[in-house]
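Each chain, written out:
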Amino acid sequence: MAHWNSEKLEVTPEKLYLSRRKFLAGAGILLAGSFLASCTKGTSGTGLSTTTTSTTGFCNGATASRSTDELGNKLTSCTDIISYNNFYEFSLSKTGVASNATKFQISPWTVTIGGLVNKPASYTMSDLTAMFPPEERIYRMRCVEAWSMVIPWHGFQLSKLIETVEPTSEAKFVKFTTVYNPAQMPGQNDTSFPWPYVEGLRMDEAMQELTILATGIYGKPLPVQDGAPIRLVVPWKYGFKSIKSIVNIDFVAEMPKTFWPAVSPGEYGFYATVNPNIPHPRWSQSSEIRIGQVGGRVPTLLFNGYDQVASMYPGDMHQYY
Ligand SMILES: Nc1nc2c(c(=O)[nH]1)N[C@H]1C(S)=C(S)[C@@H](COP(=O)(O)O)O[C@H]1N2
Ligand SMILES: [Mo]
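Residues numbered from 1 in each chain as written. Chains lettered and ligands numbered in written order. Predicted model: local features only at pLDDT ≥ 70, side-chain atom pairs only at ≥ 80, totals over all residues. Heavy atoms only, no water.

K.L.:
What's the story with the overall build of the protein chain in this structure? I'm lost.
P.N.:
Along the protein chain, the regular secondary structure elements total 7 helices and 12 strands. Evaluated residue by residue, the protein chain yields a buried proportion of 56% over its 321 residues. As presented, the protein chain carries roughly 13100 Å² of accessible surface, and 56% of it is formed by carbon and sulfur atoms. (Helix = DSSP H or I, 4+ residues; strand = E, 2+ residues; numbered from the N terminus. Buried < 20%, exposed > 50% of the residue type's maximum accessible area, 1.4 Å probe, protein only. Areas by Shrake-Rupley, 256 points an atom, 1.4 Å probe, with all protein chains shown as cover.)

K.L.:
Just to check I follow, could you spell out the sheet that holds strand E5 (residues 173–178) for this structure?
P.N.:
Strand pairing within a sheet occurs via backbone hydrogen bonds; the two strands may be parallel or antiparallel. A sheet is described by the order of its strands in space; here 5 strands give the open sequence E2-E1-E10-E5-E6, paired in mixed fashion. Both outer strands of the open sheet, strand E2 (121–124) and strand E6 (198–202), are each paired with one neighbouring strand and no more. The mean angle between the axes of side-by-side strands here comes to 15°, regardless of whether they run parallel or antiparallel. One ladder, built from 6 bridges, connects E5 with strand E10 (residues 246–252); its direction is antiparallel. What sits directly across from Phe173, in E10, is Val252. (Pairing = 2+ DSSP bridges. Axes fitted to C-alpha atoms, helices over the stretch in contact; angles between N-to-C directions.)

K.L.:
It is not clear to me how the packing of aromatic side chains should be interpreted in this structure. Could you clarify?
P.N.:
Evaluation of the coordinates by the stated rule reveals 23 aromatic pairs. Measuring from centroid to centroid gives 5.8 Å for Tyr84 and Trp147, while their planes differ by 80°, and the two rings are edge-to-face. Taken together, the positions of Tyr84 in the loop between helix H2 (78–83) and helix H3 (97–100) and Trp147 in strand E4 (residues 147–157) put the pair 63 residues apart, joining distant regions of the chain. Tyr84 sits in the buried class, given a relative accessible area of 4%. What makes Trp147 buried here is its relative accessible area of 2%. Grouped by ring-pair contacts, the aromatic residues Tyr88, Phe193, Trp195, Tyr197, Phe240, Phe259, Trp260 and Tyr268 constitute a single cluster. Sitting over the face of the ring of Phe58, Lys220 holds its NZ or CZ atom 5.7 Å from the ring centroid. Here the basic side chain of Lys241 rests over the ring of Phe270, its NZ or CZ set 4.0 Å away from the ring centre. (Phe/Tyr/Trp six-rings, centres within 6.5 Å; stacked < 30°, edge-to-face > 60°. Lys NZ or Arg CZ within 6 Å of the ring centre and 35° of its normal.)

K.L.:
Can you help me understand unusual backbone geometry in this one?
P.N.:
Excluding glycine, a negative phi dihedral is what most residues carry, and trans is how most peptide bonds are arranged. Of note, the bond from Ser107 into Pro108 is cis; its omega dihedral lies within 30 degrees of zero at 0°. Here Pro108 lies in the loop between H3 and strand E1 (110–115). Residue Pro196 is bonded to the preceding Trp195 through a cis peptide linkage, with omega at -5°. Non-glycine residue Phe303 carries a positive phi angle of around 55°. Looking at the secondary structure, you find Phe303 in the segment after strand E12 (298–299).

K.L.:
Teacher, can you tell me more about the nonpolar core here?
P.N.:
Core analysis: the largest hydrophobic core is formed by 90 residues, its most contacted members being Leu161, Ile249 and Phe251. By residue number, the principal contributor to this core is E4, which donates 6 residues. If sequence neighbours within four positions are ignored, Ile249 has contacts with Val111, Thr112, Ile113, Gly114, Leu161, Val174, Lys175, Phe176 and Leu213. (Core = buried A, V, L, I, M, F, W, Y, C linked by side-chain atoms within 4.5 Å. Contact = heavy atoms within 4.5 Å.)

K.L.:
Honestly, the site of ligand 1 in this entry has me stumped. Any pointers?
P.N.:
Around ligand 1 sit 17 residues in total, of which Tyr88, Glu89, Asp226, Ser242 and Lys244 are the nearest. Take Tyr88: an N or O atom from its main chain is 2.8 Å from an oxygen atom of ligand 1. A distance of 2.9 Å separates a nitrogen atom of ligand 1 from a polar atom in the backbone of Ser242. Notes on ligand 1: free accessible area 540 Å², of which the protein chains cover 100%. Here ligand 1 is seated within the largest cavity. For the shell around ligand 1, the class distribution of residues is 7 nonpolar, 6 polar and 4 charged. (Near = heavy atom within 4 Å. Polar contact = N/O pair within 3.5 Å; in protein donor to acceptor, adjacent residues only side chain to side chain. 1 Å grid on protein atoms, 1.4 Å probe; cavity = no way out; pocket = protein on both sides within 12 Å on 5 of 7 lines; lining within 4 Å. Sits in = over half its atoms within 2 Å of the grid points. Nonpolar A, V, L, I, M, F, W, Y, C, P; charged D, E, K, R; others polar.)

K.L.:
Explain the environment of Cys78 to me, please; I cannot follow it from the model alone.
P.N.:
Within the secondary structure layout, Cys78 lies in helix H2. In this structure Cys78 comes out as buried when scored by relative accessible area, which is 6%. With 16 residues separating them in the primary sequence, Cys78 and Ala62 have C-alpha atoms 7.1 Å apart. Every residue in contact with Cys78, bar those within four places of it in the chain, is listed here: Phe58, Cys59, Ala62 and Tyr218.

K.L.:
Looking at this structure, I do not really get the pattern of salt bridges. What am I missing?
P.N.:
Two side chains of opposite charge can pair, provided their charged atoms sit close to one another. In total, this model carries 11 salt bridges according to the counting rule given. The closest approach of N and O atoms between Glu135 and Arg137, which form a salt bridge, is 3.2 Å. Linking Glu288 and Arg142 is a salt bridge whose minimum nitrogen-to-oxygen distance equals 3.2 Å. Separated by 146 residues along the polypeptide, Glu288 in strand E11 (residues 287–290) and Arg142 in strand E3 (residues 135–142) bring together distant segments of the chain. Using a relative accessible area of 1% as the deciding quantity, one classes Glu288 as buried. Through salt bridges that share partners, Asp69, Glu70 and Arg140 make up one connected network. (Salt bridge = Lys/Arg side-chain N within 4 Å of Asp/Glu carboxyl O.)

The following block contains the structure:
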């Protein structure tokens, strides 16, 4: 049983979306612009607390240094974080990701860093954790579809990794790519999506001290459903920017073509900064449902409450949606 409030999210229910998509595919008119959001959200009260093989035991001994974030918001439970996910490579259903991810191989894993850098490099996960010992970061995560969590990540500042590869002066953006492995990621066999998932940041956003590469939650190694073994976390942007299971980081001169703007142009922008005053074309962004929290919606904060990033976004905020 879902234990957060059952108030309707202002989005198309997932089942409706899926049947509509099937219909469109059957009719041979699968329009890129017709997809629902990166975080299709059912409201049917399906069981977050249902235990599956893929989540059993994971949360035993989960630890965090505090029980709230810096604004006093309670941490989302470990169980909710690992059983309610967006990861289209495994499933379009939030509660189906974990069970479809059990056979995914995360070892060995190499992250290859290249493009406009003086010192391109390939690092294994043990290289990375040796070079950059993980620290805890408690961040709010706000999905573009108006739900949110408060997550105690473990990881390291992306800026530290960037400094080791020495980007050249031509490098203006950082492009991140998820692994392409259709044999182990069933969703990648759906060729109507432009796999692999790609994301990007402007160089100053990538260097911002809040931006991390996460390798754990609640003091445990990241489970596959949350983006194992390594994923980006950019807390002042909508959740779809925080790309999972990264294998490539490339420094580029032009703004990369990223997954959701490619799938659904006009709906999602490159910047995707959280902004309660700029609605999605189909729903308001002024409030959100905090997963696991009883008692109604909470207001959405500009930059998801991370005001320290404001100076990176001068002028009309519409250009940063
Ligand atoms: N590769 C990849 N990364 C992804 C996604 C995805 O489908 N594939 N979904 C994104 C979206 S829409 C959200 S809201 C967050 C969800 O992260 P979580 O499942 O760990 O809460 O991951 C983001 N990263
Ligand atoms: Mo999302």
